[in-house]
Amino acid sequence: MERPAPIATASTRTFYDGCAEGVLRVQRCGDCRHTQFYPRLLCSACGSRSLAWIDAAGTGRIKSFTIIRRAVSAAFEGDVPYVVALVTLDEGPTLMANVIGCSPEEVSIGRPVRVTFERRGAVLIPQFELGR
């Protein structure tokens, strides 16, 4: 069974276009310089509409994580155990993604990570690998 793929919307298209190019994009406010993710119409810090997309470095640290040992659906049965983590990017925002390419026991809070992209149908989605 194929794992589900997200569907790009008007507000997320720039994000997924970046993923297709191997670039992680987040929004930055032109007024207060706050950087945010997930995409929104207004700055979550000051309410400004002056938002622009920037290319993130794709590096960050694990803020929190859990190890999934029981698949949420048949599509993920082959992946267990796997790690779902909150990753705080160096630019500030926090994303939820999988940590891949390592055993779950290697993952810990504070570990550096770097983005990689995984194909889901026609879409590439960000995942993270342990950094150095």
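Residues numbered from 1 in each chain as written. Predicted model: local features only at pLDDT ≥ 70, side-chain atom pairs only at ≥ 80, totals over all residues. Heavy atoms only, no water.

Visitor: What should I look at first to understand the environment of Pro81 in this one?
Guide: Structurally, the position occupied by Pro81 is in the loop between strand S4 (59-68) and strand S5 (82-89). Taking the C-alpha atoms as reference, Pro81 lies 15 Å from Arg3; in sequence the two are 78 residues apart. In this view, Pro81 contacts Ile67, Ile68, Arg69 and Pro104; residues no more than four positions away in its chain are not counted. (Helix = DSSP H or I, 4+ residues; strand = E, 2+ residues; numbered from the N terminus. Contact = heavy atoms within 4.5 Å.)

Visitor: Could you clarify how one ought to interpret the side chain of Arg120 in this entry?
Guide: Note on placement: Arg120 falls in strand S7 (residues 112-120). You can call Arg120 buried: its relative accessible area is 9%. When sequence neighbours within four positions are dropped, the list of residues in contact with Arg120 reads Arg3, Pro4, Ala5, Phe76, Asn98, Ile125 and Gln127. (Buried < 20%, exposed > 50% of the residue type's maximum accessible area, 1.4 Å probe, protein only.)

Visitor: What's the story with helix H1 (residues 13-20) in this structure? I'm lost.
Guide: The α-helix winds at 3.6 residues per turn, so residues separated by three or four positions along the chain end up facing the same way. Three or more residues of H1 are buried, namely Phe15, Tyr16, Gly18 and Cys19. Seen from one end, H1 has its buried residues packed into an arc of 155°, which puts them on one side. Each element contacted by the buried residues of H1 is listed here: strand S1 (25-29), strand S3 (51-55), S7 and strand S8 (123-130). Positive phi shows up at Gly22, right after H1, with a value of about 80°. (Arc of directions from axis to C-beta.)

Visitor: Any chance you could explain the packing of aromatic side chains here in plain terms?
Guide: Two measures describe an aromatic ring pair: the distance that separates the ring centres and the angle between the ring planes. Inspection of every chain in the model, using the stated rule, returns 3 aromatic pairs. These aromatic residues form a ring-pair network of at least three members: Phe15, Tyr16 and Phe37. Here Arg40 stacks its cationic end above the ring of Tyr38, 4.0 Å away from the centre of that ring. (Phe/Tyr/Trp six-rings, centres within 6.5 Å; stacked < 30°, edge-to-face > 60°. Lys NZ or Arg CZ within 6 Å of the ring centre and 35° of its normal.)

Visitor: What is the right way to look at the pattern of salt bridges in this model?
Guide: Between side chains of opposite charge, a pair can form when the charged atoms approach closely. Scanning all chains against the criterion turns up 6 salt bridges. One salt bridge in this structure joins Arg3 and Glu118, with 3.0 Å as the shortest N-O distance. A residue pair is termed long-range when its members are at least 10 positions apart, and Arg3 in the segment before H1 and Glu118 in strand S7 qualify at 115 residues. Using a relative accessible area of 14% as the deciding quantity, one classes Glu118 as buried. (Salt bridge = Lys/Arg side-chain N within 4 Å of Asp/Glu carboxyl O.)

Visitor: Explain the side chain of Arg25 here, please?
Guide: Assignment of secondary structure puts Arg25 in strand S1. With a relative accessible area of 15%, Arg25 lands in the buried category. Within the structure, Arg25 has its side chain in polar contact with the side chain of Glu21 (distance 2.9 Å). Polar side-chain contacts of Arg25 include one of 3.1 Å to the side chain of Asp55. (Polar contact = N/O pair within 3.5 Å; in protein donor to acceptor, adjacent residues only side chain to side chain.)

Visitor: Teacher, can you tell me more about the nonpolar core here?
Guide: Considering soluble globular proteins, one finds that nonpolar side chains tend to be buried as a cluster. Leu24, Ile62, Leu89, Val99 and Phe128 are the most contacted members of the largest nonpolar core, which totals 23 residues. A per-element tally of this core places S8 first, with 5 residues. In contact with Ile62, other than residues within four places in its own chain, are Ala85, Leu86, Val99, Val107, Ser108, Ile109, Gly110, Arg111, Val113 and Leu130. (Core = buried A, V, L, I, M, F, W, Y, C linked by side-chain atoms within 4.5 Å.)

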